[in-house]
Amino acid sequence: MVLDRATVVSEWLLPAAVCAPVTWVCLVARFREEGRLLGTARSSALALCVVLWTSGMAALASGLLLPHASSVPPLAVGAVTGWGVLPRGRGEQNGSRAALAVLTLGNSLLLHQLALRLRADRAAWCERLATGFRDCWDLDAFAGDVRRHLLLRVDVPGRTGRTRTHLRREINQRYQDVRGAAQKWITLETKVEKACQQQGRGPHREELRQVRRAFGEAEQYLQFLLELEHAHGKRDGAARLEALKQRYLPEPAGEQESRAGGAGPQPSAEAGVPRRGAGNCATSHDAPADGVQR
C-alpha cells in the first residue's frame, strides 16, 4: 500500500507529535517527588528515551491499527498512549489498561531505569552537600540554615494546609535528628579530648572509631534533611544551599597562608582537629590541638 504525504502526516506524525508533550507531562507528574528529570545528563537521556519510545509506539499504533478502526481519531491515539506512562493502580487492570500496556510496550524497563537513576542522582546530590565539613559544629550550623531555608518555602500556592503542616513536622523532625547526632559527636569528642589531655596520650583506635562513627551518623541524618529540598525544592534552591555551605567549609591552604602573613609554619593535618573557641563553633585553624584526629 502506497501512502501519500497527507496520510503519513495525519496518521503517523500527528499522533507522535501529540504523544510527546503528553508523555512529558505524565513523566513530570509521575516523578514529581522522586527527583529532577533534567538534573543530570543520564536522567535527561533516559527521560528523552521514554518520550521518543512512547511517541514511536503511538505512531505505529496509529499507522498500523487505525486503518482497521477508522472511527478512532489519530490524535486520540497519541494522547492516550502518552497518558499510559502514568502508573496503573491494581483496581484498574481492565481491557483499556491492557491495550495501553501493549501500546507502551518496552516503557516499563525505561521507566524502571529512570526511577533508579533519579534515586542515584538524589543520593549523590545529598551526599555531596552533606560531606566536607571539618566537624559537627559546622555541620550543625549548616543544618540550621537548611531548616530555615526549607521552612521559608513551605507556604507555596497549591499546597493544602494539611500538606504544609505535615511538611513542617517532617522538616523539624529530621533537623532534630541531625542535632541529636551532632550533639552525640560533640560529647564523644570532648570526652576523648579531655582524656587525652589528662593522660598525656593520643586517642586510642576504639575512641577514634566511636568519634568517626558519630560523625558519620550526623552526616547521614543531614542527608535525610537535604532529601526534602531535593524532593520539594527548585533549582535555585539548590544553588542557594551551595552558597550557604561555603560559609562552613575550611579555607584553602593558600588563603590561610596569606592571612597568616608569614608569621610561622602552619600545623599539618596530623596535628589534630581545630580547637573549639569559647562559643559554639570551631574557630582557630593555626594552633594544633590534642583532640581526635580524623
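Computed from a prediction, not measured in an experiment: that's the story for all the values here.

### Structural notes on the layout of surface pockets
Right, on to step 1. Estimates place the volume of the largest pocket at around 580 Å³.
Right, on to step 2. What lines the largest pocket is a set of 24 residues, among which R32, E33, A231, H232 and G233 lie closest to the centre.
Right, on to step 3. Of all the secondary-structure elements, those providing two or more residues to the lining of the largest pocket are α1 (5-30), α7 (161-199) and α8 (205-232).
Right, on to step 4. Residues that form the lining of the largest pocket fall into these classes: 10 nonpolar, seven polar and seven charged.

### Concerning the pattern of salt bridges
Two side chains bearing opposite charge may form a pair once their charged atoms approach each other closely.
Right, on to step 1. Scanning the model with the defined rule gives 13 salt bridges in all.
Right, on to step 2. Between D155 and R164 there is a salt bridge, and its shortest N-O distance comes to 3.9 Å.
Right, on to step 3. For D155, a relative accessible area of 46% gives the class partly exposed.
Right, on to step 4. A residue is classified by how much of its surface remains accessible, and R164, at 23% relative accessible area, is partly exposed.
Right, on to step 5. A salt bridge links E170 to R174; the shortest N-O distance between them is 2.8 Å. Note that E170 and R174 are positioned in helix α7 at a spacing of four residues, about one turn of the helix.

### Section: a nonpolar patch on the surface
Right, on to step 1. A cluster of nonpolar side chains, namely W24, V25, V28 and L38, defines an oily patch on the protein surface of about 350 Å² accessible area.
Right, on to step 2. Residue position: L38 is located in the loop between α1 and α2 (41-65).

### Quick look at the packing of aromatic side chains
Right, on to step 1. For the structure on display, the rule yields four aromatic pairs.
Right, on to step 2. Their ring planes at 35° and their centres at 5.3 Å tell us that F133 and F142 sit as a pair that is tilted.
Right, on to step 3. Residue classification places F142 among the buried positions, given a relative accessible area of 0%.
Right, on to step 4. Judged by centre distance (6.1 Å) and plane angle (80°), the ring pair of Y221 and F224 falls under edge-to-face. On the criterion of helical spacing, the pair formed by Y221 and F224 is a turn pair, its members being three residues apart in helix α8.
Right, on to step 5. With relative accessibility at 31%, the residue Y221 sits in the partly exposed group.
Right, on to step 6. What links up through ring pairs into an aromatic cluster is the set F133, F142 and Y248.

### Focus on the environment of E33
Right, on to step 1. Along the chain, E33 turns up in the loop between α1 and α2.
Right, on to step 2. For E33, a relative accessible area of 46% gives the class partly exposed.
Right, on to step 3. Sequence separation of E33 and G233 is 200 residues, and the distance between their C-alpha atoms is 9.5 Å.
Right, on to step 4. Residues contacting E33, with those up to four places away along its chain left out, are R122, A231 and H232.

Each value, and the rule that gives it
Residues numbered from 1 in each chain as written. Predicted model: local features only at pLDDT ≥ 70, side-chain atom pairs only at ≥ 80, totals over all residues. Heavy atoms only, no water. 1 Å grid on protein atoms, 1.4 Å probe; cavity = no way out; pocket = protein on both sides within 12 Å on 5 of 7 lines; lining within 4 Å. Points joined across faces, edges and corners; volume = space filled by probe spheres on them. Helix = DSSP H or I, 4+ residues; strand = E, 2+ residues; numbered from the N terminus. Nonpolar A, V, L, I, M, F, W, Y, C, P; charged D, E, K, R; others polar. Salt bridge = Lys/Arg side-chain N within 4 Å of Asp/Glu carboxyl O. Buried < 20%, exposed > 50% of the residue type's maximum accessible area, 1.4 Å probe, protein only. Patch = residues over 30% accessible without salt bridge, like charges linked within 9 Å, V, L, I, M, F, W, Y side chains within 5 Å. Areas by Shrake-Rupley, 256 points an atom, 1.4 Å probe, with all protein chains shown as cover. Phe/Tyr/Trp six-rings, centres within 6.5 Å; stacked < 30°, edge-to-face > 60°. Contact = heavy atoms within 4.5 Å.

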